[in-house]
Amino acid sequence: MTDTSSIWLPYTQMKTAPEPIEVVSTLDTRIELKDGRTLIDGIASWWTAAHGYNHPYIVEKVQEQLEQMPHVMLGGLVHNPIKKLTSRIAAMLPGSLNKCFVAESGSVSVEVGMKMCLQYYLNRGVKGRSKFVHFRDGYHGDTLGTMGICDPDEGMHSLFGDALVDNYLQELPRTAEEANQFAEWLLKNSNQIAGVITEPLVQGAGGMVFHEPETLQWIRKACDQAGVLMIVDEIFTGFGRTGTMFAIDQAGIIPDVVTLSKALTGGFVPLSIAVAREEIFESFYSDDPMKALMHGPTYMGHALGCAAANASLDLFQENDCLSAVAQINMQLGYELEKCREVACVKDVRTLGAIGVVQTHEGFDVQELKPKFIDAGVWVRPFRDIVYLTPAYTITPDDLTQLTESIYSVLST
Ligand SMILES: *Cc1c(COP(=O)(O)O)cnc(C)c1O
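So, how was this worked out
- As a convention, each chain's residues are numbered from 1 in the sequence order in which they are written.
- Whole-chain, interface and lining totals are the exception, using all residues; otherwise, since this is a predicted model, local features are given only for residues with pLDDT of at least 70 and side-chain atom pairs are given and counted only at 80 or more.
- Only hydrogens and water are removed before side-chain values are computed, so all heavy atoms of the structure are retained for them.
- By definition here, a salt bridge exists when the distance from a side-chain nitrogen of Lys or Arg to a carboxyl oxygen of Asp or Glu is within 4 Å.
- Runs of H or I in DSSP of at least four residues are treated as helices and runs of E of at least two as strands, each being numbered from the N terminus.
- Think of it in three bands: residues with accessible area under 20% of the maximum for their type are buried, residues over 50% are exposed, and the middle band is partly exposed, with areas taken using a 1.4 Å probe on protein chains only.
- We call two strands paired when DSSP finds no fewer than two bridges between them.
- Residue contacts are counted whenever heavy atoms from the two residues lie within 4.5 Å of one another.
- Geometry is summarised by axes, namely lines fitted to C-alpha atoms with helices restricted to the contacting stretch, and by angles between N-to-C directions that run from 0 to 180 degrees.
- UniProt positions are given in the numbering used here, feature names are shortened, and annotations may be inferred rather than shown by experiment.
- How far a helix is expected to stretch is found by multiplying one less than its residue total by 1.5 Å.

## What to know about the pattern of salt bridges
Thought 1: One pass over the structure, following the stated rule, counts 16 salt bridges.
Thought 2: The salt bridge involving Lys61 is made with Glu64; its shortest N-O contact spans 3.9 Å. A residue pair is termed a helical-turn pair when its members lie 3 or 4 positions apart in one helix, as Lys61 and Glu64 do in helix α2 (residues 56–68) at three residues.
Thought 3: According to the relative accessible area criterion, Lys61 is partly exposed, its value standing at 26%.
Thought 4: In this structure, the salt-bridge partner of Glu404 is Lys338, at a minimum N-O distance of 3.2 Å.

Shown next as structure tokens:
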């Protein structure tokens, strides 16, 4: 007998939630259900499966790696897939963002990035810089450390109270005046602050909230003036999602630490990277063993994950993924526009391969979920939005079916 009674599902009230839907297989942008139905996936499994599911080239590369060596501990040992991956990531990121710590999950890479900032100051003999600055609507993970830098509503701060470290919540600067105020505030408090963390251009889990590249430039400038490190969390935005390989490319800034995950392996294997600038790394580089970076997940540098990530990067090089994203952006903009006519809709916006329909306050998007399944599509409305973040390989016809389903489900 197998049933679901021993599974504890994420973000789910297990008492009242409907029975989860069982999947038997995936292919490209399709999810095949046990009951025989097939859904078109509009969100690429939480933004991971950028090239579609089971991409034959990634399957082949992972299979080759699987036969040779699925995993070996990174303590004292390295392997070719991680050498290749880290060199490529260092070459892709701007400036001296060259030092890659390869972990398993996004949250862990953010934790590592935070530790890099904290210890950077400690290793240089600077004490008292133990706080982080984070922004309204931000999301950086579910571990205890990262919950303390999420939007207090998203991170359920009130529920966990004292268990979370108190950091500084700020509003994202959106005008030159707000930028000046933020810069002044940061300078005044800088002796307690190890880093400022933000998602670039899009705050994903906080409700797909967009901001201009200027905002990132202002934050970078304020950090420089105050002598504070800047972490940019590209876990959602990285690998083409916003129309450029990384969202920071649109702002032309160089953060001190960048975190990557989600689409890194094309949705195949959990893997994440915290990438630091040379200058951060140098404060750890010493004859003193106590100045080493004190972190090391068991499965870090996973060989299968690195092989999948290398294959995904090959696909980026060989196929014109960014043109595909630009095409998707045009189609999303054109086809979602008519949702503005619908009474419950407050805003429609797109960036890269992200399409968002925001509803008015008080509208319950949760009750739409079964209607989307009935319409043959997999989309997961949350907060006040229904959104699409499809694989870059989605066909125009499938994308039309997704946008049409949003229009018709919101209209009924
Ligand atoms: C998903 C996400 C995380 C957390 O990644 P996990 O792999 O779920 O731990 C962190 N930051 C951002 C911006 C994310 O989108």
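Next, the rest of the story.
## Focus on the sheet that holds strand β1 (residues 23–27)
Thought 1: Across the sheet, four strands lie side by side as β1-β2-β3-β15; this open sheet has mixed pairing. Every other strand in the sheet has two partners, leaving β1 and β15 (377–378) as the edge strands with one partner each.
Thought 2: Sheet topology places strand β3 (residues 38–41) next to β15; two bridges connect them, and they run parallel. The partner of Asp41 across the bridge, within β15, is Trp378.
Thought 3: Contacts from helix α14 (residues 396–411) reach β2 (30–33), β3 and β15, with the element oriented near 90 degrees to β3.

## Some remarks on the pairing of strand β14 (residues 354–359)
Thought 1: In terms of burial, β14 is a largely internal element, six of the six residues being buried.
Thought 2: Both faces of β14 are covered, namely the face carrying Ile354, Val356 and Gln358 and the face carrying Gly355, Val357 and Thr359.
Thought 3: Relative to β14, strand β13 (residues 345–351) runs antiparallel, the two sharing six bridges. Its bridge partner being in β14, Asp347 is matched across the sheet by Gln358.
Thought 4: What sits between β13 and β14 in their antiparallel hairpin is a turn of two residues, with Gly352 showing a positive phi close to 50 degrees.

## Section: the environment of Met14
Thought 1: Within the fold, Met14 resides in the segment before β1.
Thought 2: Along the sequence, Met14 and Lys127 sit 113 residues apart, while their C-alpha atoms lie 45 Å from each other.
Thought 3: Apart from residues lying up to four places away in sequence, Met14 is in contact with Ile7, Trp8 and Leu9.

## Here's the deal with the UniProt feature "modified residue: N6-(pyridoxal phosphate)lysine" (unreviewed entry) in the chain
Thought 1: Per the UniProt entry, the sites bearing "modified residue: N6-(pyridoxal phosphate)lysine" (unreviewed entry) are Lys262 in this numbering.
Thought 2: Relative to the helices and strands, Lys262 resides in the loop between β11 (257–260) and β12 (272–277).
Thought 3: Excluding anything up to four places from it in sequence, Lys262 contacts Trp46, Trp47, Thr48, Ile235, Phe236 and Gly267.

## Quick look at unusual backbone geometry
Excluding glycine, residues mostly carry a negative phi; peptide bonds, for their part, are mostly trans.
Thought 1: In this model, Ala44 sits at a positive phi of 50 degrees, which is unusual for a non-glycine residue.
Thought 2: Along the chain, Ala44 falls in helix α1 (residues 44–47).
Thought 3: The exposure class assigned to Ala44 is buried, which follows from its relative accessible area of 3%.
Thought 4: At Phe239, a position not held by glycine, the phi torsion is positive, near 65 degrees.
Thought 5: Looking at the element boundaries, Phe239 is found in the loop between β10 (229–233) and α9 (248–251).

## Regarding helix α3 (residues 80–92)
Thought 1: Compared with the 18 Å implied by 1.5 Å per residue over 13 residues, the 18 Å span of α3 between its first and last C-alpha is a close match.
Thought 2: Contact partners of the buried residues in α3: α2, β4 (97–103), β11, β12 and α11 (303–318).

## Here we look at the environment of Glu60
Thought 1: Inspection of the secondary structure puts Glu60 in helix α2.
Thought 2: A residue is classified by how much of its surface remains accessible, and Glu60, at 41% relative accessible area, is partly exposed.
Thought 3: Residues Glu60 and Phe284, spaced 224 residues apart in sequence, show a C-alpha to C-alpha distance of 38 Å.

## Quick word on the sheet that holds strand β5 (residues 131–135)
Thought 1: On the basis of which strands lie adjacent, the open sheet formed by seven strands has the order β4-β12-β11-β10-β7-β5-β6 and mixed pairing. Across the chains shown, the open sheet's two edge strands, defined by having one partner strand only, are β4 and β6 (168–170). Here the strands of the sheet are splayed against their neighbours by 20 degrees on average, with no regard to which way each runs.
Thought 2: Of the strand pairs in this sheet, β4 and β12 are connected by six bridges, and their pairing is antiparallel. Along β12, the bridge assignment pairs Cys100 with Val275.
Thought 3: This element, helix α7 (residues 176–189), spans β5, β6 and β7 (193–198) of the sheet and lies at about 150 degrees to β7.
Thought 4: Lying over the sheet, helix α8 (residues 213–226) contacts β5, β7 and β10, oriented at roughly 155 degrees with respect to β10.

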